[in-house]
Structure formats: structure tokens, C-alpha cells
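# Secondary and tertiary structure notes
Chain by chain, the residues:
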Amino acid sequence: MRLFRLIRIARVAYLYGLDSLVLEHELEPGLKTRALYAAQRLMFWRNISAPRAVRLRQALEDLGPIFVKFGQLLSTRRDLMPLDIADELAKLQDRVPPFSSDLAIDQLEKAYGRSVDEVFASFDRKPVASASVAQVHFAVLHEKDGGREVAVKILRPGIQPVIEHDIALLQVAASLLEALWADGRRLKPREVVSEFDKYLHYELDLMREAANCSQLRRNFADSNLLILPEVHWDWCTTSVMVMERMHGTTISKVDELREKGVDIPRLARAGVEIFFTQVFRDGFFHADMHPGNIFVATQGEHKGSYIALDFGIVGTLSDSDKNYLAQNFLAFFRRDYKRVAEVHIESGWAPKGTRVDEFEAAIRSVCEPFFDRPLKEISLGRVLLRLFQTSRQFNVEVQPQLVLLQKTLLNIEGLGRELDPDLDLWQTALPYLERWMSEQLGWLALENNIKREASNWAQLLPTLPRLVHQALTTTISPAPNLELESLAAEVRGLRHLLWLALAVAGAALGFALLQ
């Protein structure tokens, strides 16, 4: 099966002229390279007049949903991909025909070990959404279980072996790219495929997605900005996720939202506020915030609030990551490029021998042009992207979670400015950056650290006198002399040999007397 799949991939690649994407760059000399050039000459009849990015997108669409998802991931790696290719791949849509309702019911009965009618009072056989990995149906729980409307996400049957086959083929292609293309190693194709493999397997575990949803819901429990569905854990498995059904209008229908009385400029600001709250307060953010996953409540007490769906991909940030982001953004808008360079080196991401002045000059050359436009027109996502691209010239390894954040930030910015072209992203973000810096570096940070460590200190303080006494006793005791210890060991060894010799001599003397 894998051989036939490989042949089909090769056929599609040559049909769309993907070999030219490699051959237009400098290749490693050798037999494989000569074979590629020979094959290209034999395919003279192809029509490859379309731009390279368009041909790549069409090829991925032809190869199927797993390759479409891979293209979507590539579109987020703007730190690695040429911008024309990244922009075109961003148009890929993860839409595939739904699998039959009979298969969906079989999956449910296999997961629950009983009939669907025993689990749900009603189950809509027609799916409301379908993607490469799963599809969603609406249902209603029995009265004894609350009688609530729910959305049931069901993993696509047989998807696991398909993914394993396609990932294996992508790994082979990545290895060939590194072997043939001189610049292939810089693009890190094997690393990108491994990253894709990890995220894809995350999406195959619906219990993980349910946990992500539950965590985000808990983080925004006291907020009116964002509503998240409640997870019904009793009915969740690794292949089925059951959550509260949400009612709202998709964020892309701006005119309809306006007709329903939603304050659109406020909605735009709220979207940015939600993102920076997730990043700088929680360090845990929804990383797939495209319009298909975002709705807006249009009635009831939550009118005008965002509704988030699809929690298969989330990002997490450590305090070190948040410090990197906050200090870089603040230094950038103060045009303190030296501080930007220092932050990279202090964080340990740039090699220790990196010259600050050279790094500063490189950062200035890519960031200074941003200030030729009004502040509100500056894209924080593109600032971060340019920082990543410049950093790679100095052998800085950009962390995957920051690449995920940069992609999400671009999505949020695009969404916010589509809702409100006058949105000043910087003015919305600045309070979060400054608040986080004050919490980390000011008196408030000291107070919070003391509170956090108080329980440890309560255990440590009673034992402190004993620990001090032990330390002083150890200090007073003379330090061991290694030479004396070695000599003493030799003496002990000689003493043992002497006693052995005396024993042997005594035995020999006794034997002689007996004779």
C-alpha cells in the first residue's frame, strides 16, 4: 500500500511541477541530482506556468486531507517558508466529505459498549461539520443525565493507519529534501514533519482536546469576554468528545452581527484582550483561532461575547517565554534594539559568543521600517516574524510554542482589523505587557513570590537551627587529606598481607615439627 501511495505522490508532484521548486535552488552535486534534472527534461509537456505557490497548494489538495493539514502547518512556519508560499498555503481549507452516519453510530456504540439510544435521547444523523480527523453531530442527553443539548465529536474511522502511512512518506520526502538541496537543512524539513506528527496525534486523542477545553473554560469562568462549552466527561473517550451545544453566529458574518445589535468595534478590542489575557495571564492559549472556530453570542446575557470551538491545538508558555515576549515588544516600541538583542542572549536562545552590536544592527535593519507608518498600523505578528527570521541568521533556535503564538497573533490581528480597520492593537496590548512586567519585576512580583513560597518556608524555618548546626560542624571538622587517606589504605593492605604471611609460616612450622 505504501509503495502505491508513494508512486501517486510522485505522480502528483511531477504533474504540478513541484520538482522545479527544488531545482530552482542550488542542489548538492551527485547522481540523485542528475536524475532529477533528467526527469524534468522528460516532462517537457507539463503546463507549469502557474505561480509555484499555487501549484504547491493545488498538489496538496489533490493528495488529500492529511497533506492539506500539513500545508496548513507549513503556512504557520513563516520563519522558515518564503512568504508567497506561506500566504498561498494559508488558503487551504480542512474540508472533506463526511463519513456515513452508520459508521458514526458504529463508532459511538464501540466506544460506549451499548446502543446510541441508551446514551442519547435523540441523535441527529446528519453531521453539522466534517474535517479530516473527525466530524460533529448534534444530540440531546436523556432527562436523567440533564436533558441538555450537546455536540458530539466523533473520530473518523480508520484514520490512524492513513496518518501513519502519510507521515512515514513525509519523513522520507523530508530526508530527500535535506540530501538533495543545499539549503534544505536550514528549512529543517524533518523537524517540521516531526512537529506535524506530534500535533496530528494530539488531535487523534479527543480526551486531550476535552481537557484543553475544560482548562480554557476554567480560565475564563469569571469573564464575559469568552464563553466555552462545558465538557460532559461521562460520555468522553479517546475517540468521542461530548460537550455543550453552543448557539451563535460565526464571526465572519459581520453584517449579520451588526444587524443583531452587536457592537463590532468593541468585539474587535475584546478579541485582542482575550488573546493577551491567555498569553500573559494564563500562559495557555487557543492556537487555532480561525473564523471557522469562532462564533459570537447574539442573544441572552452573553450577547456580544465570543464563543470558541475546536481545542485540538493549544499553546503553552513558560514565564521565560512570556518575559521574552513582553521585553521584546516593549523594547521594540521604544526602538531599543540593543535591549532586543540582549533579551535573546540572556534567554539562552542566542549562542553565548553572539556579538550584541552585530545582532542589534541586524534587528534595527528589519524593524526600523515599521516606524514609517502610524503606530496603529503596525502588526505585532509581523514584528515577531521578522524577529524570528533575523534571529535565525545568528543561529537562534526559535521555540515551537512561540511560532504557534506568532501564527495565532497574525490570525487575531487579521480578524480584529477585519472587524474594525481603525483597531489600534498596540494600545490594546500595552496595558497587558506593562501589567505583566510590573507583576514579574516590581514590588508586586516580590509580594507574589513571598506568598507562593510561604508554605515551603513554613516547613523549612523550624529545621533551620539544626541545618545551621550541621553546616557549622562540617566546617569545623578538618578537611580530609587525600594523600594521608591513600597512605593509610596502603598500610592497612600491608597489615593484612603481614598477618597472612605469619599464618602461612606458622602452619608450615607446625607441619615441620609434626614430621
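Residues numbered from 1 in each chain as written. Predicted model: local features only at pLDDT ≥ 70, side-chain atom pairs only at ≥ 80, totals over all residues. Heavy atoms only, no water.

### Describing empty space enclosed by the protein
- Applying the stated criterion to the full structure yields 1 cavity of 30 Å³ or more.
- The computed volume of the largest cavity comes to approximately 60 Å³.
- Around the largest cavity sit Ala268, Gly271, Ile274, Met289, Ile294, Tyr306, Ile412, Leu415, Gly416 and Leu419, which together line it.
- Mapped onto the lining of the largest cavity, the elements with two or more residues apiece are α14 (264-282) and α19 (400-419).
- Top element by residues in the lining of the largest cavity is α19. It accounts for 4 residues.
- Residues of the lining of the largest cavity, tallied by class, amount to 8 nonpolar, 2 polar and no charged. (1 Å grid on protein atoms, 1.4 Å probe; cavity = no way out; pocket = protein on both sides within 12 Å on 5 of 7 lines; lining within 4 Å. Points joined across faces, edges and corners; volume = space filled by probe spheres on them. Helix = DSSP H or I, 4+ residues; strand = E, 2+ residues; numbered from the N terminus. Nonpolar A, V, L, I, M, F, W, Y, C, P; charged D, E, K, R; others polar.)

### Focus: the packing of aromatic side chains
- Counted by the stated rule, this structure contains 6 aromatic pairs.
- Consider the rings of Tyr112 and Phe120, whose centres lie 6.4 Å apart with planes at 70°: the pair is edge-to-face. Pair check on accessibility: Tyr112 and Phe120 agree, each one buried.
- In textbook terms, an aromatic cluster arises when at least three aromatic residues are bridged by ring pairs, as seen for Tyr112, Phe120, Phe123 and Trp235.
- In this structure, Arg281 packs its charged tip against the face of Phe220, placed 5.3 Å from the ring centre. (Phe/Tyr/Trp six-rings, centres within 6.5 Å; stacked < 30°, edge-to-face > 60°. Buried < 20%, exposed > 50% of the residue type's maximum accessible area, 1.4 Å probe, protein only. Lys NZ or Arg CZ within 6 Å of the ring centre and 35° of its normal.)

### Here we look at the environment of Glu164
- Looking at where Glu164 falls in the secondary structure, it is placed in helix α9 (residues 159-180).
- Reaching out from Glu164, the side chain makes a polar contact with the side chain of Gln160 at a distance of 2.8 Å. (Polar contact = N/O pair within 3.5 Å; in protein donor to acceptor, adjacent residues only side chain to side chain.)

### Observations regarding the pattern of salt bridges
- A full pass over the atoms with the stated rule returns 19 salt bridges.
- We note a salt bridge from Glu256 to Lys260, for which the minimum N-O separation is 3.1 Å.
- You can call Lys260 partly exposed: its relative accessible area is 35%.
- The shortest N-O distance in the salt bridge between Asp282 and Arg281 comes to 2.7 Å.
- The partly exposed category is assigned to Arg281, whose relative accessible area is 47%.
- Each of Arg148, Arg217, Glu230 and Glu244 takes part in a single network of salt bridges with overlapping partners. (Salt bridge = Lys/Arg side-chain N within 4 Å of Asp/Glu carboxyl O.)

### Concerning the confidence of the model for the protein
- Residues with a pLDDT of 70 or more make up 77% of the protein, whose mean pLDDT is 78.
- Predicted confidence is poor over residues 497-505, with pLDDT under 50, and the contacts of this stretch with residues over four places away or in other chains come to 0 contacts.
- Below a pLDDT of 50 lies the segment residues 511-515, which in the model reaches 0 contacts outside its immediate sequence neighbourhood of four places, other chains included. (pLDDT = per-residue confidence, 0-100. Contact = heavy atoms within 4.5 Å.)

### A few points about unusual backbone geometry
- A positive phi angle is found at Asp310, which is not glycine, with a value near 65°.
- Within the secondary structure, Asp310 is located in the loop between β10 (306-308) and β11 (314-316).
- Under the relative-accessibility criterion, Asp310 is labelled partly exposed at 23%.

### Notes on a negative patch on the surface
- A cluster of acidic residues, Asp106, Glu109, Asp117 and Glu118, forms a negative patch on the protein surface.
- Contributing elements (two or more residues each) for the negative patch: α7 (101-112) and α8 (116-119).
- The exposure class of Asp106 is partly exposed, given its relative accessible area of 43%. (Patch = residues over 30% accessible without salt bridge, like charges linked within 9 Å, V, L, I, M, F, W, Y side chains within 5 Å. Areas by Shrake-Rupley, 256 points an atom, 1.4 Å probe, with all protein chains shown as cover. Lys, Arg positive; Asp, Glu negative; His and termini not counted. Charge placed at Lys NZ, Arg CZ, Asp CG, Glu CD.)

### Here's the deal with helix α18 (residues 380-392)
- Here α18 spans 19 Å end to end across 13 residues, near enough to the 18 Å set by a 1.5 Å rise per residue.
- Every buried residue of α18 is listed here: Leu380, Gly381, Val383, Leu384, Leu385, Leu387, Phe388, Thr390, Ser391 and Arg392. (Expected span 1.5 Å × (residues − 1).)

### A few points about the packing of helix α15 (residues 319-333) against α18
- Contact geometry for α15 and α18: axes closest at 11 Å, N-to-C directions at 105°. By the angle between their axes, α15 is roughly perpendicular relative to α18. Across from Tyr324, Leu325, Asn328, Phe329, Phe332 and Phe333 in α15, the residues of α18 making contact are Leu380, Val383, Leu384, Leu387 and Phe388.
- Tallied by class, residues from the contact of α15 with α18 come to 10 nonpolar, 1 polar and no charged. (Axes fitted to C-alpha atoms, helices over the stretch in contact; angles between N-to-C directions. Parallel < 35°, antiparallel > 145°, perpendicular 65-115°, else oblique.)

### Examining helix α12 (residues 206-219)
- Given a rise of 1.5 Å per residue, 14 residues ought to cover 20 Å, and the 20 Å separating the end C-alpha atoms of α12 matches this to within 8%.
- Buried residues in α12 make contact with β4 (149-155), α11 (189-203), β6 (240-244), α14, β8 (284-286) and β11.
- Its side-chain oxygen at 3.1 Å from the backbone nitrogen of Met207, Asp205 defines the N-terminal cap of α12.

### As for the sheet that holds strand β7 (residues 249-250)
- If you trace the 4 strands from one edge of the open sheet to the other, you get β5-β10-β9-β7, paired in mixed fashion. Edge positions in the sheet fall to β5 (226-227) and β7, since each of these pairs with one other strand and no more.
- With 3 bridges connecting them, strand β9 (residues 294-296) and β10 associate as antiparallel partners. In the strand pairing of β10, Phe295 is matched with Ile307. (Pairing = 2+ DSSP bridges.)

### Details of the packing of helix α17 (residues 356-367) against α18
- Axis separation between α17 and α18 bottoms out at 10 Å; the angle between their running directions is 145°. Here α17 and α18 pass one another in a crossing that is right-handed. Between α17, through Phe359, Ala362, Ile363, Val366 and Cys367, and α18, the contact on the second element is made entirely by Arg386, Leu387, Thr390 and Ser391.
- Its residues assigned to classes, the contact of α17 with α18 comprises 6 nonpolar, 2 polar and 1 charged. (Left-handed = near helix turned anticlockwise from the far one by under 90°.)

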